[in-house]
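# Coordinate analysis (summary)
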Amino acid sequence: MLSIIRQNIMESAARYFSEHGYAATSIQEIADDCGIAKGSLYKFFQSKEDLFIAFHEAQQEALYTRVESIRADAALSLREVFILETECHFEFFLNNKFIMHDIKQLDASKGPIAPYFLQLRANLLKYSKEGLIRLLGEQFRPNIWDLVIMYNGIVREFIFLLLYENKPLNIKEIAVYIVDRVEEMAACIVQKKTQPLLSNTMMNHYMQCEKAGKSILIKEYRTSLLANLLSTTKELSITNFRKEELSDAITMLQEELAKESHKSVLVHALLDFVGKEHELKPIVRQLERYVCVKQA
């Protein structure tokens with residue numbers, strides 16, 4: 001009986017959120033629609049936020065269950081699997097249009113729903129990463145996060161065209177087109193021996209924060225990038241003397257940036273010195289964005 005009532009609440013919430021949006025929907029309206037007292041509804045969900053999150057999580061779970069079933073189909077090639085996965089993501093957002101409207105309208109940086117949005121993004125990135133590695137192979141793991149972000153960016157823009165511009169596009173054709181472009185980008189990375197912009201160290205830290213529902217602090221970005229500089233330096237094919245020079249400079253950077261008020265001239269001089277090493281330049285460029293930014 002209790003499970004039936006809970007399911008009725010979820011179905012009512014889906015209808016109201018879809019028709020009126022999250023902000024304009026009240027717990028009282030959902031309770032009235034289910035024919036129960038508001039106090040009875042609170043036995044299942046402590047707040048509207050909890051109900052909102054529970055419904056979204058149920059929708060996500062259904063999506064990822066379908067993705068896993070596609071991956072388990074031995075009759076499909078790896079390329080066919082990833083095309084179908086991409087189609088699933090499009091169908092999910094098209095069938096639940098209000099989810100995109102909620103994400104677009106709600107301020108994800110404030111309130112009790114903020115951690116949910118961070119976790120939602122982490123889950124989407126996680127599944128994209130797994131799917132791309134399956135499609136492209138382990139040799140792309142060093143560059144995988146660059147490909148994940150590019151893939152998700154393309155998917156997101158097509159979703160917005162379908163949802164908000166009502167463009168007459170075919171989902172199957174879009175999915176094939178996107179996978180074609182991803183494979184071309186991956187081939188270009190191999191041909192040009194492109195160094196990754198997004199390191200595994202930095203993105204793993206980012207994902208841990210997202211899954212925990214925490215925004216990442218500027219200070220944590222700096223720390224992650226500096227650690228990446230040190231670990232990358234140790235793997236460079238250069239003389240030990242040069243490695244020591246670079247390691248000393250990075251250590252000085254760490255010490256200076258740890259100060260309450262660091263010397264900008266010294267920091268930039270050290271960054272220029274370290275950035276002269278070709279393999280370290282992409283990390284230095286990322287770090288430059290954060291050395292003079294204060295945490296809000």
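Residues numbered from 1 in each chain as written. Predicted model: local features only at pLDDT ≥ 70, side-chain atom pairs only at ≥ 80, totals over all residues. Heavy atoms only, no water.

## Examining the pattern of salt bridges
Counted according to the given criterion, the structure contains 14 salt bridges. A salt bridge links arginine 71 to glutamate 68; the shortest N-O distance between them is 3.8 Å. Of this pair, arginine 71 and glutamate 68 both sit in helix H4 (residues 48–71), three residues apart, which is roughly one turn of that helix. Residue glutamate 68 is classed as partly exposed on the basis of its relative accessible area, which comes to 37%. A single salt-bridge network, built from bridges that share partners, covers Glu68, Arg71, Glu85, Lys126 and Glu130. (Salt bridge = Lys/Arg side-chain N within 4 Å of Asp/Glu carboxyl O. Helix = DSSP H or I, 4+ residues; strand = E, 2+ residues; numbered from the N terminus. Buried < 20%, exposed > 50% of the residue type's maximum accessible area, 1.4 Å probe, protein only.)

## Let's talk about the packing of aromatic side chains
Applying the stated criterion to the full structure yields six aromatic pairs. Here tyrosine 64 and tyrosine 127 contribute two aromatic rings whose centre-to-centre distance is 4.1 Å and whose plane-to-plane angle is 10°, an arrangement assigned as stacked. Within this pair, whereas tyrosine 64 is found in helix H4, its partner tyrosine 127 is found in helix H7 (residues 114–136), the two being separated by 63 residues in sequence. An identical accessibility class is assigned to tyrosine 64 and tyrosine 127; each is buried. On the numbers, 5.0 Å between centres and 40° between planes, the contact of phenylalanine 82 with tyrosine 151 is tilted. A residue pair is termed long-range when its members are at least 10 positions apart, and phenylalanine 82 in helix H5 (residues 78–95) and tyrosine 151 in helix H8 (residues 144–164) qualify at 69 residues. Residue classification places phenylalanine 82 among the buried positions, given a relative accessible area of 2%. A relative accessible area of 4% means that tyrosine 151 is categorised as buried. Taking the ring centre of tyrosine 177 as reference, the NZ or CZ of arginine 181 above it sits at 4.6 Å. (Phe/Tyr/Trp six-rings, centres within 6.5 Å; stacked < 30°, edge-to-face > 60°. Lys NZ or Arg CZ within 6 Å of the ring centre and 35° of its normal.)

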